[in-house]
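Chain by chain, the residues:
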Amino acid sequence: LIGVYTNRNGERWELQLKGSGKTPYSRNGDGRAVLRSSVREFLCSEAMHYLGIPTSRAASLVVSDDDVWRDQFYNGNIKKERGAIVLRLAKSWFRIGSLEILARSGELDLQRRLLDFIIQEHFPSIPMNDSSRYLEFFSTVVSETANLMALWMSVGFAHGVCNTDNFSLLSITIDYGPFGFMDSYDPNFVPNTSDDERRYKIGNQANVGLFNLSKLLQALKPLLDPRQKQLAAQVLEGYGEHYYSRFTELFKAKLGLLGENENDNYLIAFLLKVSSLC
């Protein structure tokens with residue numbers, strides 16, 4: 001993260017470099033990115049934006065003279081590739097993992113300060129003097145994540161690595177590593193060649209979203225009182241209904257279905273099945 005930019009419309013964007021090298025969070029990686037994946041992230045993030053799906057944006061792509069070594073298909077065949085750096089933007093880069101790591105390490109004061117900052121900066125509808133603000137925050141993230149998962153499905157987008165570090169607290173699409181779009185409907189479609197267990201197959205994305213939200217709730221629990229914990233659990237239980245309602249709404253719009261009909265869901269399922277046979 002290199003800073004925050006305010007444009008002429010008063011919009012604040014956090015600027016981040018992908019592929020610029022090691023940071024304290026690079027673990028054992030080299031912090032670099034290859035040209036092919038950088039071009040894909042640039043193009044896809046912009047495409048997703050114009051498809052009306054909440055996403056990070058891409059501002060520029062710079063090709064590097066440095067060589068980057070990658071095993072593209074994870075088959076032991078390491079090749080030298082051209083490096084690149086993407087300047088990407090988002091309203092915030094905070095993820096579920098940003099809170100999860102603080103909860104796990106017991107840094108509750110820092111977690112509370114970070115959460116208050118995120119709410120104040122990015123959730124203006126939640127009053128900071130509200131004792132239930134963390135519950136309201138969680139409720140918003142649950143509903144918006146359900147919306148994002150339904151939007152992904154509406155265009156056949158599979159993220160590829162749906163862990164808590166790749167799920168935005170603002171419910172936008174971030175971190176375009178392995179990803180793909182289905183050519184025909186296949187619930188077992190996996191764009192990540194290293195996902196041998198098909199954990200992140202497209203048919204499981206909604207469930208993975210629920211799993212990640214349960215991890216968020218687990219991280220928030222030390223900051224909630226007993227009543228709030230109970231209400232938060234009920235909010236999480238409503239995730240499936242949020243997702244299914246939005247999914248149905250989006251697919252009815254794609255099919256031009258008007259009003260309510262008990263056969264709508266059957267028709268949607270039938271046409272997806274037909275698509276899988278094409």
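To keep things clear, this report deals only with the structure shown in the data block. Throughout, a residue's number is its position along its own chain's written sequence, starting from 1. Confidence filtering applies because this is a predicted model: local features only for residues at pLDDT of at least 70, side-chain atom pairs given and counted only at 80 or more, and all residues used for totals across whole chains, interfaces and linings. Processing note: side-chain calculations cover all non-hydrogen atoms of the structure and skip hydrogens and water entirely.

## Digging into the pattern of salt bridges
Moving on, step 1. Here, a salt bridge means any Lys or Arg side-chain nitrogen found within 4 Å of an Asp or Glu carboxyl oxygen. Taken as a whole and assessed by the stated rule, the structure comprises 17 salt bridges.
Moving on, step 2. Of the charged contacts, one joins K18 and E41 as a salt bridge, the two residues approaching to 2.8 Å between their closest N and O atoms. Placement of K18 in strand β2 (residues 12–18) and of E41 in helix α1 (residues 35–50) is noted, with a sequence separation of 23 residues between them.
Moving on, step 3. Accessibility here uses a 1.4 Å probe with only protein chains present; expressed as a share of the type maximum, an area under 20% marks a residue as buried, one over 50% as exposed, and anything in between as partly exposed. Its relative accessible area of 22% is what places K18 among the partly exposed residues.
Moving on, step 4. Owing to a relative accessible area of 1%, E41 belongs among the buried residues under this scheme.
Moving on, step 5. The partner of R57 in a salt bridge is E46, with the nearest N and O atoms 2.7 Å apart. Taken together, the positions of R57 in strand β3 (residues 57–70) and E46 in helix α1 put the pair eleven residues apart, joining distant regions of the chain. Side by side, R57 and E46 carry an identical accessibility label, which is buried.
Moving on, step 6. Salt bridges sharing partners connect three or more residues here, namely K18, E41, R88, R95 and D175. Counting from the N terminus, the helices are the DSSP runs of H or I reaching at least four residues and the strands are the DSSP runs of E reaching at least two.

## Some words on unusual backbone geometry
Moving on, step 1. The backbone of S171 shows a phi angle near 55°, a positive value even though the residue is not glycine.
Moving on, step 2. Mapped onto the elements of the fold, S171 is located in the loop between β5 (157–158) and β6 (180–181).
Moving on, step 3. Classification of S171 by relative accessible area gives buried; the value is 4%.
Moving on, step 4. With phi around 55°, R198 is a residue other than glycine that occupies positive phi space.
Moving on, step 5. Mapped onto the fold, R198 is located in the loop between β6 and α5 (205–220).

## What to know about the layout of surface pockets
Moving on, step 1. Of the two site types, the cavity is a set of points on a 1 Å grid over the protein atoms alone where a 1.4 Å probe fits but cannot get out, and the pocket is an open set with protein on both sides within 12 Å along at least five of seven lines, each lined by residues with an atom within 4 Å of a point. Grid points are joined across faces, edges and corners, and a volume is the space filled by probe spheres set on the points. Here the largest pocket defines a volume of roughly 2,300 Å³.
Moving on, step 2. Taken together, 50 residues line the largest pocket, and the ones lying closest to its centre are K18, R27, R88, N166 and D175.
Moving on, step 3. Along the lines of polarity and charge, the residues of the lining of the largest pocket split into 17 nonpolar, 20 polar and 13 charged.
Moving on, step 4. Where a domain begins and ends is set by an automatic assignment or by a domain database. Formed jointly, the lining of the largest pocket draws a minimum of three residues from each of two domains, domain 1 (3–90) and domain 2 (96–254).
Moving on, step 5. Approximately 270 Å³ is the volume attributed to the second largest pocket.
Moving on, step 6. Every residue lining the second largest pocket is counted, 16 residues in all, and those nearest its centre are Y185, F251, K254, L272 and S275. Any residue that is not Ala, Val, Leu, Ile, Met, Phe, Trp, Tyr, Cys, Pro, Asp, Glu, Lys or Arg is counted as polar, Gly included; the first ten are nonpolar and the last four charged.

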